[in-house]
Amino acid sequence: MAEIEIDTLGEDVPLLEGIRTTRSLRRLKPDPVPPALIRKVCEAATFAPSGGNRQPWFFVAVTEPERKAWIADRYRPAFLEYIAPAVEAAKDPEYPETQRKNMRAAIHLAEHLHEAPVLLFVAGWTRRGRPQLQALMPAVQNVLLACRAVGLGACLTQLHLAFGREIDEWLGLPENCPSCAMIPIGWPRGRYARPSRRSVDTCLFWERAEGID
Ligand SMILES: Cc1cc2nc3c(=O)[nH]c(=O)nc-3n(C[C@H](O)[C@H](O)[C@H](O)COP(=O)(O)O)c2cc1C
């Protein structure tokens, strides 16, 4: 893809339309993604807000097949163990179809993680010895929105955290800069569309919340 296309790609997506149609796209083509495009989505991430404008984030893009396989070999069993109760519950014919679809896509991702062109890790400085997930999530959301804008499929994942320091060490991240998210990125097989969400009218209150239990 020519440099000029990368500069202009995604610049015309209306902001709210982009927000409303950003869903998890976990079925990815193995075709390579230009590094300049990964730089572009990470640049979007750097415009996120952060406490005191500390900008604690770092991004590690893993693309080498053996390195992706090493991560996938850890993510897969952790994810399949996590999802096992839902797989059991989904045997019930009453199980909601949207959740069943979502679960299938998540299992597909776990089984094909090594084929995703890029595994993007988002990491950040700890504060008073604690990981600062909340400081990094706005940047993570910007990655997802920027992927939506340029047409790349992406999904926020966290199951790699089950491995504690092992994956971070292997990524070269020091103890005071742990990862908080892994975002598989690639050209999607599916399409961006409105995800299934409950209506804002079920969660917006004025002055005082009522009936939440
Ligand atoms: C904090 C967090 C952690 C998540 N971890 C994973 C994960 O490990 N694996 C995965 O496939 N999806 C993960 N997801 C994606 C959610 O499953 C997804 O956003 C949700 O099912 C809604 O799907 P949709 O965005 O396509 O509508 C995570 C999402 C969040 C917000």
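For the structure, see preceding data.
What this report covers is the structure whose coordinates are included nearby. Everything numeric in this text was worked out from a predicted model, so none of it was measured.

Definitions and cut-offs
Residues numbered from 1 in each chain as written. Predicted model: local features only at pLDDT ≥ 70, side-chain atom pairs only at ≥ 80, totals over all residues. Heavy atoms only, no water. Near = heavy atom within 4 Å. Polar contact = N/O pair within 3.5 Å; in protein donor to acceptor, adjacent residues only side chain to side chain. Areas by Shrake-Rupley, 256 points an atom, 1.4 Å probe, with all protein chains shown as cover. Nonpolar A, V, L, I, M, F, W, Y, C, P; charged D, E, K, R; others polar. Helix = DSSP H or I, 4+ residues; strand = E, 2+ residues; numbered from the N terminus. Contact = heavy atoms within 4.5 Å. Axes fitted to C-alpha atoms, helices over the stretch in contact; angles between N-to-C directions. Parallel < 35°, antiparallel > 145°, perpendicular 65-115°, else oblique. Left-handed = near helix turned anticlockwise from the far one by under 90°.

Near the ligand you find 14 residues, and of these Arg26, Tyr75, Asn102, Leu156 and Arg197 are the closest. With respect to the ligand, the backbone of Gln158 contributes an N or O atom lying 3.1 Å from an oxygen atom. One nitrogen or oxygen atom from the side chain of Arg197 is found 2.7 Å from an oxygen atom belonging to the ligand. Summarising the interface, the protein chains cover 67% of the accessible area of the ligand, which totals 620 Å² for the free molecule. For the shell around the ligand, the residue count by class is 7 nonpolar, 4 polar and 3 charged.

Quick look at the environment of Lys68 now. Tracing the sequence through the fold places Lys68 in helix α4 (residues 65-89). In contact with Lys68, not counting residues within four places along its chain, are Val62, Thr63, His114, Ala116, Pro117 and Leu119.

As a packed pair, α4 and helix α5 (residues 97-112) sit with axes 9 Å apart at the nearest point and diverge in direction by 160°. Taken together, the axis directions place α4 and α5 in an arrangement best described as roughly antiparallel. The two elements α4 and α5 cross, and the hand of that crossing is left-handed. For the pair formed by α4 and α5, the contact residues are Tyr75, Arg76, Phe79, Leu80, Ile83, Ala86 and Val87 on the first element and Met103, Ala106, Ile107, Leu109, Ala110 and Glu111 on the second. In terms of residue class, the contact of α4 with α5 is made up of 11 nonpolar, no polar and 2 charged.

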